[in-house]
Protein chains: 2
Amino acid sequence: MQTTPNLILRHAELLFTQFGVEATTLRQITAAAGVNLAAVNYHFGSKEALIREIFKRRLTQLNQERLAALDRLEKAAASRPVKPAKILDAFFGTLLRIAQKDKQGGPTFLKLLGRTHTEPSEFIRVFLASEYEEVLRRYKEALIKSLPDVPREEILWRFHFMLGATAYAIAGTDSLKLLAHEGPKETQEAPSRSKPKDQESDLMQIDRLLPRLMNFLVGGLRAPLPEFNTQALRQAQPRQAALRISRSVNQGRG
Amino acid sequence: MQTTPNLILRHAELLFTQFGVEATTLRQITAAAGVNLAAVNYHFGSKEALIREIFKRRLTQLNQERLAALDRLEKAAASRPVKPAKILDAFFGTLLRIAQKDKQGGPTFLKLLGRTHTEPSEFIRVFLASEYEEVLRRYKEALIKSLPDVPREEILWRFHFMLGATAYAIAGTDSLKLLAHEGPKETQEAPSRSKPKDQESDLMQIDRLLPRLMNFLVGGLRAPLPEFNTQALRQAQPRQAALRISRSVNQGRG
DNA sequence: GTCTATATCATGATAGAC
DNA sequence: GTCTATCATGATATAGAC
């Protein structure tokens, strides 16, 4: 459908990703979409409302699929706790798979979303907070159940780290490019083996990104706990607890 | 020193962190610093130049300390490879320790830096790229030497993920707060045990952040490799290589 | 070096003809 | 619904008195 609101939504998303929400002007958007300058205010009311609309469309779908995936896992596990790796796949895998499926603008929004997680703008932050509240609560609870011997605070931190690694993995391709370059102008190692049409396709192969990311995240989630946890537990209940923790964290679910 | 340029630098850094670089105006900065509106352009030339100056000050110091730390590690190890965990501590630990030491604005800049890594603004990105080029190259090489059996591409990706987890851990405190909340208005678990003066002090205890982050990062770096790596190697050289890889990744350096 | 005053321009939003 | 024209505002930057 090439209706005006849709044209605006599509091109706004693209420009927001490219230049940032603050820096993108209504004039840029309407020019790119080939519609009149007044159209944004007519159809959406304001720039803010347009922004909200863009995120709402994608996020409600994404988070509903996440909730559905978690429901399926919990149903399949009956009352037993779900494996951490499955929980992570339901949360982060759903994100990447949706972006991959919807070729039209999927990866674009993925990048925008990654950036927006560190957006300082007030209204965006309260909006995202409300949009994420339920999913985060449900997944947090699932992880806590899944790792009963890991202190709750540590789980929250690691969830936080995982969100960061994912957001940045998607948004900040700069550092990856920087890392990949041998140095300025060095041309060793067969410069053009694959088609250089899409600059990022070499590195950002999205079907390989997911397994790469998942292994990293699971490794981080199950890493040994920092010492102050085991120390605190040791003095509370003499020494058995600490062992249980490092086992459950290093080797699997509870 | 309360000189005008310093007043500007300090308050600009603060406001950039709070509202973002794009959204912060020269009027806000000069008003907060108690200097004249024209002072920024007089002392720095333009808003862009002011931004560059702020990042330059902090980043060159940070990255020089990082290089020095790596030099020390490599000298101490003679020609043997350095342990991955030590490399990570030299890179990410130096960042957090600098921020912690410099009470005056250290944590502020830390947050700003975390956000800036996903900044879409063109001139900031090319500036950051040049500023990081040497450190990233040196640390990349160190990690490659440190994990000789891990494919180079995987190391780059994991370095990328680690950068993300760290940047976000610092910048995006929102999701952490969201995760920490039990739900709206629930007040279980002794609401005010420590002084609530600094809203974030409870969660963002920076001395605990470092061990938490380090364990997570090391866990992620040493996680088992995704399957397509071992498969590729298996068909190239029959099966010994795959075992070597998962050992070196799961248990330690090469 | 610091100030006031202002130039110049781009922004988001709106009013009103079609 | 779509257009042109325009408004009010706030941005960066500068000129020139002190």
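Above this note sits the structure.
A brief look at the structure comes next. Positions within a chain are numbered from 1, following the residues in the order the chain's sequence is written. Following the order in which they are written, the chains are lettered starting with A and the ligands numbered starting with 1. Note on the predicted model: pLDDT of at least 70 is required for a residue's local features to be given, and 80 or more for side-chain atom pairs to be given and counted; whole-chain, interface and lining totals, by contrast, use all residues. Each side-chain value is worked out from all heavy atoms of the structure, with water and hydrogens disregarded.

### Examining the relation of the copies chain A and chain B
Applied cut-off: Residues below a pLDDT of 70 in either copy are left out; the C-alpha atoms of the rest, at least 70 in both, set the least-squares superposition of the copies.
Of the transformation superimposing chain A on chain B, the axial component is 0.0 Å and the angular component is 180°, with the fit at an RMSD of 0.1 Å. The two molecules are tied by a two-fold rotation axis, judged by turn and shift.

### Side note on the packing of helix H1 (residues 4–19) of chain A against helix H6 (residues 106–116) of chain A
Residues and elements named next belong to chain A. The condition is simple: Throughout, an axis means a line fitted to C-alpha atoms (over the contacting stretch in the case of helices), and angles, computed between N-to-C directions, take values from 0 to 180 degrees. Secondary structure elements are taken from DSSP: a helix is a run of H or I of four residues or more, a strand is a run of E of two residues or more, and numbering for both begins at the N terminus. The cut-offs work like this: below 35 degrees is roughly parallel, past 145 is roughly antiparallel, 65 to 115 is roughly perpendicular, and the gaps in between are oblique. Here is the rule for handedness: rotate from the far helix to the near one, and if that takes an anticlockwise turn smaller than a right angle the crossing is left-handed, while a clockwise turn gives right-handed. Residue contacts follow a heavy-atom distance rule, with two residues in contact if any of their heavy atoms lie within 4.5 Å. Throughout, the ten residues Ala, Val, Leu, Ile, Met, Phe, Trp, Tyr, Cys and Pro are labelled nonpolar, Asp, Glu, Lys and Arg are labelled charged, and all others, Gly among them, are labelled polar.
Two elements in contact, H1 and H6, have axes whose closest approach is 9 Å; the angle formed by their N-to-C orientations is 50°. Classified by the interaxial angle, the pair formed by H1 and H6 is oblique. With respect to the hand of their crossing, H1 and H6 are arranged in left-handed fashion. Only Thr-108, Phe-109, Lys-111, Leu-112 and Arg-115 of H6 make contact with H1, whose side of the interface consists of Glu-13, Leu-14, Phe-16, Thr-17 and Gln-18. The residue makeup of the contact of H1 with H6, split by class, is four nonpolar, three polar and three charged.

### Observations regarding the packing of helix H5 (residues 84–101) of chain B against helix H10 (residues 206–221) of chain B
All names here are of chain B. Their axes nearest at 10 Å, the elements H5 and H10 cross at an angle of 155°. Taken as axis vectors, H5 and H10 run roughly antiparallel relative to one another. Helix-helix and strand crossings are classified by hand; for H5 and H10 the assignment is right-handed. Together, Pro-84, Ala-85, Leu-88, Asp-89, Phe-92, Gly-93, Leu-96, Arg-97 and Gln-100 of H5 and Ile-206, Asp-207, Leu-209, Leu-210, Leu-213, Met-214, Leu-217, Val-218 and Leu-221 of H10 make up the contact between the two elements. Its residues assigned to classes, the contact of H5 with H10 shows 13 nonpolar, two polar and three charged.

### A look at helix H2 (residues 26–33) of chain B
Residue and element names in this part refer to chain B. Condition: Three exposure classes are used, based on accessible area relative to the maximum for each residue type with a 1.4 Å probe and protein chains only: buried under 20%, partly exposed in between, and exposed over 50%. To obtain the arc, one takes the directions from the helix axis to the C-beta atoms.
Among the residues of H2, Leu-26, Ile-29, Thr-30 and Ala-33 are the ones counted as buried. Relative to the axis of H2, the buried residues are bounded by an arc of 90° and lie together on one face. Away from its buried face by more than 90 degrees, H2 exposes Arg-27 and Ala-31. On its buried side, H2 packs onto helix H1 (4–19), helix H3 (39–44) and helix H4 (47–76). Once H2 ends, the next one or two residues include Gly-34, with phi positive near 75°.

### A word on the protein's contact with DNA strand D
Filter applied, for reference: Nearness is defined per residue: one heavy atom within 4 Å of the molecule or strand is enough. Counting of polar contacts relies on pairs of N or O atoms within 3.5 Å, with two restrictions inside protein: one atom must be capable of donating a hydrogen and the other of accepting it, and residues adjacent in sequence are counted only when both atoms are side-chain atoms.
Around DNA strand D, the surrounding shell holds 14 residues, and the nearest of these are Thr-4, Asn-36 and His-43 of chain A together with Thr-25 and Arg-27 of chain B. The protein-proximal atoms of DNA strand D, defined as those within 4 Å of the protein, are 57% sugar or phosphate. In the model, a phosphate oxygen of DNA strand D is placed 3.4 Å from a nitrogen or oxygen of the Asn-36 of chain A main chain. In this structure, Arg-27 of chain B approaches DNA strand D through a side-chain N or O atom, which is 3.3 Å from a base nitrogen. Of all elements in the fold, only helix H3 (39–44) of chain A together with H2 of chain B reach the threshold of two or more residues within the surface near DNA strand D. Classifying every residue of the surface near DNA strand D by side-chain character gives five nonpolar, seven polar and two charged.

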